[in-house]
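Listed below are the residues making up each chain.
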Amino acid sequence: HSRGPMKSMTGYGWGECSKDGLKVTVELSSVNRKQSEIFVNLPRELEVLEAQAREEINQQIARGRVTARVSLHAAEGKDSARMHLNEKLAKSYAREFTRLAKELKLAGPVSLDLVLHAPGVLQASDEMADAEDFWPSICKALRQALKMLVAMRTQEGNHLDKDLRARIAAMRKAVAKIQTQAPLVQVRYREQLLARIKSAGLDNVDLDTDRLLKEVVFFADRSDISEELTRLQSHFNQFENCLQSKESIGRTLDFLAQEMNREINTIGSKANDSAIAHCVVAFKAELEKFREQAQNVE
């Protein structure tokens, strides 16, 4: 699939092609799905063309649920085209009927009425002799519809692109704030620890005892969030790389959203700090919107 700019999975397309007094109409609509699903509704007598139609759609669409409706009508002012006379078949019937009449020694000529009522000689235009004859017209209408569908998915994709970039920018800001707060977490913890010791009436405790230092060091180790912050930066960079990709990126964005969610949850529980918790809430609000929008990306 040549992807180009970001595309949405939602769109609509329409195309038609007239030939020999018949008009083929193709209507396409697509909505978001994790995988690619293609449904082709063809008139019963053209169902053999389903595989070809699916293949044509598959070349343009990587993800989403696409429904194609193909219909056949007589072109306006072409009533004669509603009936299709299969002359070749009529001749065969006449020949066989005449042979049979001779064999059974039945008098009387083979009538036109008899031949016209033989199966397949007279067909309404929507019961065509050979479905394959219709493929060029269907293909032309389908390509027209696909062009319109892809254009709409691209237009929607431009909005998604802007929105997702804005969400990432907001998440970057939240992470920058967390980064400035991180070194202060240990300082605040030490102050809280000292305040608790004082309020317990233990003022005479030597505040630089090994026990106290060990506790602060232990906390510093347990609350260190530098790895998570580094991984978040890496996810932001992956997002930027994603935008340059020529492939379908929807699934990658889903995955990135899950990974960022895991890191920010760890940061929240590890740091256990009110200033950082505030940034975590802001981050998660943006991430939730990012995740919702990413689900619409092809």
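Above this text sits the structure in question.
Residues numbered from 1 in each chain as written. Predicted model: local features only at pLDDT ≥ 70, side-chain atom pairs only at ≥ 80, totals over all residues. Heavy atoms only, no water.

Caption draft 1: The arrangement of the nonpolar core in detail. Membership of the largest hydrophobic core comes to 39 residues, with the highest contact counts inside it found for Ile178, Leu253, Ile267, Phe283 and Phe290. For this core, the elements supplying multiple residues, two or more each, are helix H4 (135-199), helix H5 (210-222), helix H6 (226-244), helix H7 (250-271) and helix H8 (274-294). Per element, the largest residue contribution to this core is 12 residues, and it comes from H4. Once you skip the residues sitting within four places of it in the chain, Phe290 turns out to touch Leu164, Arg167, Ile168, Met171, Phe239, Leu253, Ala257 and Met260. Counting 28 residues, the second-largest nonpolar core is a separate cluster that includes Leu72, Trp135, Ile138 and Val150. (Core = buried A, V, L, I, M, F, W, Y, C linked by side-chain atoms within 4.5 Å. Buried < 20%, exposed > 50% of the residue type's maximum accessible area, 1.4 Å probe, protein only. Helix = DSSP H or I, 4+ residues; strand = E, 2+ residues; numbered from the N terminus. Contact = heavy atoms within 4.5 Å.)

Caption draft 2: Quick peek at the pattern of salt bridges. Under the counting rule described, the total for this entry stands at 19 salt bridges. As a salt-bridge pair, Arg33 and Glu37 come within 3.9 Å of each other at their nearest N and O atoms. Across the pair Lys270 and Glu228 runs a salt bridge whose closest N-O atoms are separated by 3.1 Å. Here the residue Lys270 occupies a position in helix H7, and Glu228 occupies one in helix H6, the gap between them amounting to 42 residues. Classification of Lys270 by relative accessible area gives partly exposed; the value is 27%. Taking relative accessible area as the criterion, Glu228 reaches 4% and is therefore assigned buried. Residues joined in a network through salt bridges with shared partners are Glu227, Glu228, Arg231, Glu263 and Lys270. (Salt bridge = Lys/Arg side-chain N within 4 Å of Asp/Glu carboxyl O.)

Caption draft 3: Representation of the sheet that holds strand S2 (residues 22-31). The 4 strands are arranged S1-S2-S4-S3 in an open sheet whose pairing can be described as mixed. The two strands at the open ends of the sheet, each matched to only one other strand, are strand S1 (11-19) and strand S3 (36-41). The sheet shows a mean angle of 15° between the axes of neighbouring strands, direction not considered. In this structure, S3 lies alongside strand S4 (residues 64-74), joined through 6 bridges in parallel fashion. Paired with Val40 across the bridge in S4 is Ala68. Across the sheet, helix H1 (residues 50-58) lies against S2, S3 and S4, angled at about 140° from S3, the strand it touches most. This element, H4, spans S1, S2 and S4 of the sheet and lies at about 155° to S1. (Pairing = 2+ DSSP bridges. Axes fitted to C-alpha atoms, helices over the stretch in contact; angles between N-to-C directions.)

Caption draft 4: Quick look at a nonpolar patch on the surface. On the surface, Leu85, Leu112, Leu116 and Leu122 cluster together into a nonpolar patch covering about 360 Å² of accessible area. Within the fold, Leu116 resides in helix H3 (residues 112-116). (Patch = residues over 30% accessible without salt bridge, like charges linked within 9 Å, V, L, I, M, F, W, Y side chains within 5 Å. Areas by Shrake-Rupley, 256 points an atom, 1.4 Å probe, with all protein chains shown as cover.)

Caption draft 5: Looking closely at helix H2 (residues 87-103). Given a rise of 1.5 Å per residue, 17 residues ought to cover 24 Å, and the 24 Å separating the end C-alpha atoms of H2 matches this to within 8%. Positive phi shows up at Lys105, right after H2, with a value of about 55°. (Expected span 1.5 Å × (residues − 1).)

Caption draft 6: Layout of the pairing of S2. One ladder, built from 9 bridges, connects S1 with S2; its direction is antiparallel. Its bridge partner lying in S2, Gly15 is registered against Val26. Between S1 and S2, which pair antiparallel and follow one another directly, the connecting turn spans 2 residues, one of which, Asp20, has a positive phi of 50°. Direction of pairing for S2 relative to S4: antiparallel, over a ladder of 10 bridges. Following the sheet pairing, Ser30 is matched in S4 by Val66.

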